[in-house]
Amino acid sequence: MATEQLMSTELLRLVTAGSVDDGKSTLIGRLLYDTKQIMVDQLEHIETTSKRRGDGYVNLALLTDGLRAEREQGITIDVAYRSFFTSRRRFQLADAPGHVQYTRNMVTGASTADVAVILVDARKGVVEQTRRHSYIAAVLAIPHVVFAVNKMDLVDFDEARFAEISEELRELADRLGIGDEVAVPISALRGDNVVDGSDAMPWHTGPTLLELLETVELTGDRNLDDRRFPVQWVIRPMSEEHHDYRGYAGQVAGGVWRAGDEVVVLPAGLRTRVAAVETADGPLDAAVPPQSVTIRLEDDLDVGRGDLLADPERPPAVTQELTATICWMSERPLAPRARLVAKQTTRSVRAIVGELESVVDIRTLADVATPERLDLNDIGRVRLRLAEPLAVDPYAANRTTGALILIDESTNETVAAGMVLEA
Amino acid sequence: MTSSTQPQLHLSHLDALEAEAVHIMRELAAELERPVLLFSGGKDSIVLLRLAEKAFRPGRFPFPIMHVDTGHNFPEVIEFRDRRVAELGETLVVASVQESIDRGRVVEETGPRASRNQLQTTTLLDAIEEHRFDAAIGGARRDEERSRAKERIFSFRDDFGQWNPRAQRPELWSLYNARVRRGEHVRVFPISNWTELDVWQYVAREQLELPGIYFSHEREVFRRDGMLYAASDVVERLPTEEPFTASVRFRTVGDMSCTGAVESTAATLEEVVAEIAATRVTERGETRADDRVSEAAMEDRKRVGYF
Ligand SMILES: Nc1nc2c(ncn2[C@@H]2O[C@H](COP(=O)(O)OP(=O)(O)O)[C@@H](O)[C@H]2O)c(=O)[nH]1
């Protein structure tokens, strides 16, 4: 493979989820093994361990287990990040534990994912966990969901069984508003339809799991319509050479940025124009998400970290009150009137939780109105009052400017992930 | 005013990884009071320096650069360090393991397998305390070792410099919670999501200069436990460990006492990238004696505050 080709592959971030024993570890091991990412020393290591444990085969699941405590218990309890690549893409995989008590871990892994791969056991079909994982994928607005219907070997590779499960999955995805969803029949253990095709399932004419991951279209997932640029850092060299230089450094969160563009600085509302879009290497014609760049403005305004540069024709809401879906991540429950800090883009403001409007019953996915509190791993809708305004978009429109975390100042813990519904 | 030319929408994985790392650099600089960038002279920390340039130029780096010098470094690496820091015009702090030994903070190991690798931890933690650094930027990657796969990008250390894998903060989107109390500090790993190959590709793309030991060269080496080590004054050889000359390169540049070489004829960046892309053994498995000791070796060291 030519070096140039290797260097221009696209990055795809995926999260995997499944119930315990659905075969997630085996699937990831299989993906790594069949794409030849497993190094000799790693393979030797799992061969020895498989033998020691009395597994009758090289247990690919062992490739992905992590910390010592988890190895001892034989389960995955935290998000683990891994990489692999093919000639077409470079994959960044967040391996999230499946059990309900680790909902927050899946939310964490899902927050940055372009694609969710959700495991389904072909013998069991859609179960409560499948609904929960799909729900999280929908709430976190993961643009593409792939259902990997695993252990097809245990249902005799039966086409009708797969069709039945696919239908159930389609209904579930429709109900949750998942935009792009597809199911693939696989056997992670044997490798059918993971990287290579399957002789045992000639009826499956669609792509294998890896082919799907290699070809899913990602460019449309970014918001290229609404210009958003959270200012992270002000570059002011104050040197001889760059005497009057004042650049606003940050990562593009939306839209296409060019010199000459009209700008509104929020929350203040000042107006100016972009003088230049540049990086340390020089000027750019245009910058798009998620590039990290520096923007210079035509006028000398009071702009600093926490301000948002935006398109004045299509501005975000500037608000001191908003409704968000949150996933509660702390052992200590959330009660109304809690005082926390909300961090959104590069701005942190004090926040008071108002009413807890609803909590999701994770078994039925039904909303239960006005709960008294949110417990660890609960997902619910809350009202937040803010000490200072934030410039926000609905999360559905922008996964950067619509996202926030809540921090408990007494412990410094991150206690919730929030997705703005309306402001 | 929107011009009609189509923007370049396609970003390569290197562009995406670079954008993420630059974002992390700026975030930590903004949210922490006294960060420091740890520089080993190795390719990962050389990439960090370039990323810092991307994040802050034409301004100065908002942090000094610190090298934990074991006193057993490859001379080429020290020479490279001093030249690179001078070119950048930034501040260098050297924390010396030899000084820790002289001051009685640590006791030197002896014998053929002596290494100063373990001792670095004390020197590092002492330096962090002395300079009151609240953040140390490191070049660790999640693909290096299994316990790293679960470590956060902003990874907290308590008063004792310890990492507690059970009490990690959830890390969502690119919203980093960098809050620390007095006495605590945070290790920040901007290239967490990079692989060894990504690093080499980036070095090639950015035309970064590396110390010569990364490229194939003739060197006096000896064989131990199936690996090659540089023959030098700082490593005591067993009587059976006859030195010989071989064409080698290093995949990492740690302390001379525990960094193994690989036999290679790859003398240019292109050749090294091609060799890495085809390699079948992990970087650590191949060249770091310290990780071979036990399966959980890395995790144990990290718990006590290692890099
Ligand atoms: N028959 C069959 N067994 C599988 C398949 N995939 C995984 N398994 C087995 O299911 C069990 C659980 O797999 P594992 O990967 O550890 O599941 P995890 O808990 O989801 O990570 C193991 O005994 C695997 O060997 C498959 O495709 N077919």
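Per-chain numbering applies: the sequence of each chain, read as written, is numbered from 1 onward. A letter from A marks each chain and a number from 1 marks each ligand, given out in the order of writing. Note on the predicted model: pLDDT of at least 70 is required for a residue's local features to be given, and 80 or more for side-chain atom pairs to be given and counted; whole-chain, interface and lining totals, by contrast, use all residues. The basis for every side-chain value is the complete set of heavy atoms in the structure, and neither hydrogens nor water enter the calculation.

## What about the overall build of chain A?
Okay, step 1: Strands here are runs of E lasting at least two residues and helices are runs of H or I lasting at least four, both read from the DSSP assignment and numbered beginning at the N terminus. Helix and strand counts for chain A stand at 8 helices and 21 strands.
Okay, step 2: Each radius of gyration reported is based on C-alpha atoms, and the globular scaling rule is 2.2 Å times the count of residues to the power 0.38. The C-alpha atoms of chain A give a radius of gyration of 24 Å, which matches the 22 Å a tight globule of 423 residues would have.
Okay, step 3: Dimensions of chain A, computed from C-alpha atoms along their principal axes, come out at roughly 70 × 60 × 40 Å.
Okay, step 4: When each of the 423 residues of chain A is scored for burial, the buried share is 60%.
Okay, step 5: Here chain A displays about 17,000 Å² of accessible surface, and carbon together with sulfur accounts for 45% of that area.
Okay, step 6: The convention is simple: Lys and Arg are positive, Asp and Glu are negative, and His and the chain ends are not counted. Charge placement uses NZ in Lys and CZ in Arg. For Asp and Glu, CG and CD serve respectively. Of the charged side chains in chain A, 46 are positive and 67 negative, and the gap between their average positions amounts to 4 Å. Note on exposure labels: buried denotes an accessible area under 20% of the residue type's maximum, exposed denotes more than 50%, and partly exposed covers the range between, all computed with a 1.4 Å probe on protein chains only. Per-residue and other accessible areas were derived by the Shrake-Rupley procedure at a 1.4 Å probe size, with only the shown protein chains allowed to occlude residues.

## A few points about the overall build of chain B
Okay, step 1: When helices and strands are tallied, chain B shows 10 helices and 10 strands.
Okay, step 2: Burial status across chain B gives 64% buried among its 307 residues.
Okay, step 3: Of the contacts made within chain B by residues no fewer than 6 positions apart, 73% connect residues no fewer than 24 positions apart.
Okay, step 4: Total accessible area on chain B stands at roughly 11,700 Å², and carbon and sulfur atoms take up 49% of it. Note on contacts: a residue pair qualifies if any of its non-hydrogen atoms lie within 4.5 Å across the two residues.

## Considering the side chain of S134(A)
Okay, step 1: With respect to the secondary-structure elements, S134(A) resides in helix 6 (residues 128–139).
Okay, step 2: The definition of a polar contact used here is a pair of N or O atoms within 3.5 Å, where within protein one atom must be able to donate a hydrogen and the other to accept one, and adjacent residues in sequence count solely through side-chain atom pairs. For S134(A), the side chain forms a polar contact with the main-chain oxygen of T130(A), separated by 2.7 Å.

## Quick notes on the sheet that holds strand 10 (residues 260–263) of chain B
All names here are of chain B.
Okay, step 1: Spatial strand order, 7-8-10-9: 4 strands in a closed barrel with antiparallel pairing. Going across the sheet, the axis of each strand differs from the next one's by a mean of 70 degrees, ignoring polarity.
Okay, step 2: By the convention used here, strands pair only if DSSP detects at least 2 bridges between them. Alignment of strand 7 (residues 217–224) against strand 9 (residues 244–250), held across 5 bridges, turns out to be antiparallel. Residue pairing across strands places E218 opposite S247, the latter belonging to strand 9. Orientation is described by lines fitted to C-alpha atoms, with helices fitted over the stretch in contact, and by angles between N-to-C directions that extend from 0 to 180 degrees.

## Re the site of the ligand
Residue and element names in this part refer to chain A.
Okay, step 1: By convention in these notes, a residue is near a molecule or strand provided one of its non-hydrogen atoms lies within 4 Å of it. Taken together, 17 residues are adjacent to the ligand, and D21, K24, S25, T26 and D153 come closest.
Okay, step 2: A distance of 2.4 Å separates an oxygen atom of the ligand from a polar atom in the side chain of T26.
Okay, step 3: Here an oxygen atom of the ligand sits 3.1 Å away from a polar atom, N or O, in the side chain of K151.
Okay, step 4: Compared with its free state, where it exposes 580 Å², the ligand has 79% of that area covered by protein.
Okay, step 5: If you tally residues by element for the shell around the ligand, the top one is helix 2 (residues 24–34), at 3 residues.
Okay, step 6: Partitioning the shell around the ligand into residue classes produces 6 nonpolar, 6 polar and 5 charged. Note that Gly is not counted as nonpolar here; it falls among the polar residues with everything else outside the nonpolar set of Ala, Val, Leu, Ile, Met, Phe, Trp, Tyr, Cys and Pro and the charged set of Asp, Glu, Lys and Arg.

## Considering the pattern of salt bridges
Okay, step 1: We define a salt bridge as a side-chain nitrogen of Lys or Arg found within 4 Å of a carboxyl oxygen belonging to Asp or Glu. As enumerated under the stated definition, the model contains 61 salt bridges over all chains in all.
Okay, step 2: Of the charged contacts in the structure, one is a salt bridge between D311(A) and R227(A), with a shortest N-O distance of 3.5 Å. With D311(A) in the loop between strand 14 (308–310) and strand 15 (317–328) and R227(A) in the loop between helix 8 (209–215) and strand 7 (228–230), this residue pair connects regions lying 84 residues apart in the sequence. R227(A) shares its class with D311(A); the two are buried.
Okay, step 3: Residues E27(B) and R305(A) are paired through a salt bridge, measuring 2.7 Å at the closest nitrogen-oxygen approach. Placement of E27(B) in helix 1 (residues 13–31) and of R305(A) in the loop between strand 13 (292–297) and strand 14 is noted, with the two residues assigned to different chains.

## Here we look at the interface of chain B and chain A
Okay, step 1: With 72 residues of chain B at the interface, the matching set in chain A holds 94 residues.
Okay, step 2: Reported buried area values correspond to the accessible surface (1.4 Å probe) lost by two parts on association, with both partners' losses combined. Summed over both sides, the interface between chain B and chain A buries roughly 6,800 Å², with carbon and sulfur atoms accounting for 54% of that surface.
Okay, step 3: Our count for the chain B to chain A interface comes out at 8 salt bridges.
Okay, step 4: In this structure, the salt-bridge partner of R90(A) is D198(B), at a minimum N-O distance of 2.6 Å.

## Re the pairing of strand 8 (residues 227–230) of chain B
Residues and elements named next belong to chain B.
Okay, step 1: Across the two faces of strand 8 the burial is the same, with M227 and Y229 and L228 and A230 all buried.
Okay, step 2: Where strand 7 meets strand 8, 4 bridges bridge the pair, whose relative direction is antiparallel. In the sheet register, F222 faces strand 8, and the bridge partner there is Y229.

## Quick word on helix 7 (residues 159–176) of chain A
Residue and element names in this part refer to chain A.
Okay, step 1: Relative to the 26 Å expected for 18 residues at 1.5 Å per residue, helix 7 spans 26 Å between its end C-alpha atoms, a close match to the ideal helical length.
Okay, step 2: Those residues of helix 7 hidden inside the fold are in contact with strand 4 (115–121), helix 6, strand 5 (144–150) and strand 6 (180–185).
Okay, step 3: Looking one or two residues beyond helix 7, the residue adopting positive phi is G177, at roughly 75 degrees. Here a helix's expected span is defined as the number of its residues, less one, multiplied by 1.5 Å.

## Side note on the environment of V264(A)
All names here are of chain A.
Okay, step 1: Checked against the element boundaries, V264 lands in strand 10 (residues 262–266).
Okay, step 2: Of the residues examined, V264 reaches a relative accessible area of 8% and is grouped as buried.
Okay, step 3: Along the backbone, V264 and R314 are 50 residues apart, and their C-alpha atoms lie at a distance of 9.9 Å.
Okay, step 4: Contact partners of V264, with chain neighbours within four places excluded, come to G269, L270, R271, L308, L309, A310, D311 and P312.

## What to know about unusual backbone geometry
Okay, step 1: Cis peptide bonds are those with omega within 30 degrees of zero, and the linkage from L266(A) to P267(A) qualifies with 10 degrees.
Okay, step 2: Within the fold, P267(A) resides in the loop between strand 10 and strand 11 (270–279).
Okay, step 3: For the bond running from R57(B) to P58(B), omega is 10 degrees, close enough to zero to count as cis.
Okay, step 4: As for its placement among the helices and strands, P58(B) is situated in the loop between helix 2 (43–56) and strand 2 (65–69).

## Some details on the nonpolar core
Okay, step 1: M25(B), L37(B), V47(B), L51(B), F154(B) and W194(B) are the most contacted members of the largest nonpolar core, which totals 65 residues.
Okay, step 2: Element by element, the count of residues in this core is highest for helix 1 of chain B, at 9 residues.
Okay, step 3: Once residues lying within four places of it in the same chain are set aside, the contact partners of F154(B) are I24(B), L28(B), L32(B), E171(B), Y176(B), A178(B), V186(B), R187(B) and V188(B).
Okay, step 4: Definition used in this section: a nonpolar core is a set of buried Ala, Val, Leu, Ile, Met, Phe, Trp, Tyr and Cys residues joined via side-chain atoms within 4.5 Å. If you look at the next biggest cluster of nonpolar residues, it comprises 52 residues, including V107(A), I136(A), L140(A) and A183(A).

## Thoughts on the sheet that holds strand 3 (residues 89–95) of chain A
Okay, step 1: Read across the sheet, 6 strands follow the order 2-3-1-4-5-6 (chain A) without closing on themselves; strand pairing throughout is mixed. Two strands lie at the open edges of the sheet, namely strand 2 (80–85) and strand 6 of chain A, each paired on one side alone. For this sheet the average axis-to-axis angle between neighbouring strands, irrespective of direction, equals 25 degrees.
Okay, step 2: Of the strands in this sheet, strand 1 (10–17) and strand 3 of chain A are in contact with helix 1 of chain B, which crosses strand 1 of chain A at around 70 degrees.

## Quick notes on the packing of aromatic side chains
Residues and elements named next belong to chain B.
Okay, step 1: By convention, a stacked pair of Phe, Tyr or Trp rings (six-membered ring in the case of Trp) has centres within 6.5 Å and planes under 30 degrees apart, an edge-to-face pair has planes over 60 apart, and any other such pair is tilted. The tally for this structure, following the rule as stated, stands at 12 aromatic pairs over all chains.
Okay, step 2: When the ring of F154 is compared with that of Y176, the centres are 4.8 Å apart and the planes differ by 20 degrees; the resulting orientation is stacked. Of the two residues, F154 sits in strand 5 (residues 154–157) while Y176 sits in the loop between strand 5 and strand 6 (185–188), which places them 22 residues apart along the sequence.
Okay, step 3: Centroid distance W194 to Y202: 5.0 Å. Interplanar angle 80 degrees. Geometry classified as edge-to-face. Considered together, W194 and Y202 belong to a single accessibility category, that of buried residues.

## Section: the side chain of T103(A)
Okay, step 1: If you trace the backbone, T103(A) turns up in helix 5 (residues 103–111).
Okay, step 2: Setting aside residues up to four positions removed in sequence, T103(A) forms contacts with R132(A), I136(A), C327(A), N377(A) and I379(A).

## What about the packing of helix 1 of chain B against helix 6 (residues 196–205) of chain B?
All names here are of chain B.
Okay, step 1: Packing of helix 1 against helix 6 brings their axes to within 11 Å, and their N-to-C directions diverge by 95 degrees. Judged by the angle between their axes, helix 1 and helix 6 are roughly perpendicular. On helix 6, the residues that touch H13, L14, D15, L17 and E18 of helix 1 are D198, Q201, Y202 and R205.
Okay, step 2: Across the contact of helix 1 with helix 6, the residue classes break down as 3 nonpolar, 2 polar and 4 charged. Throughout, the term roughly parallel applies to angles under 35 degrees, roughly antiparallel to angles over 145, roughly perpendicular to angles from 65 to 115, and oblique to all others.

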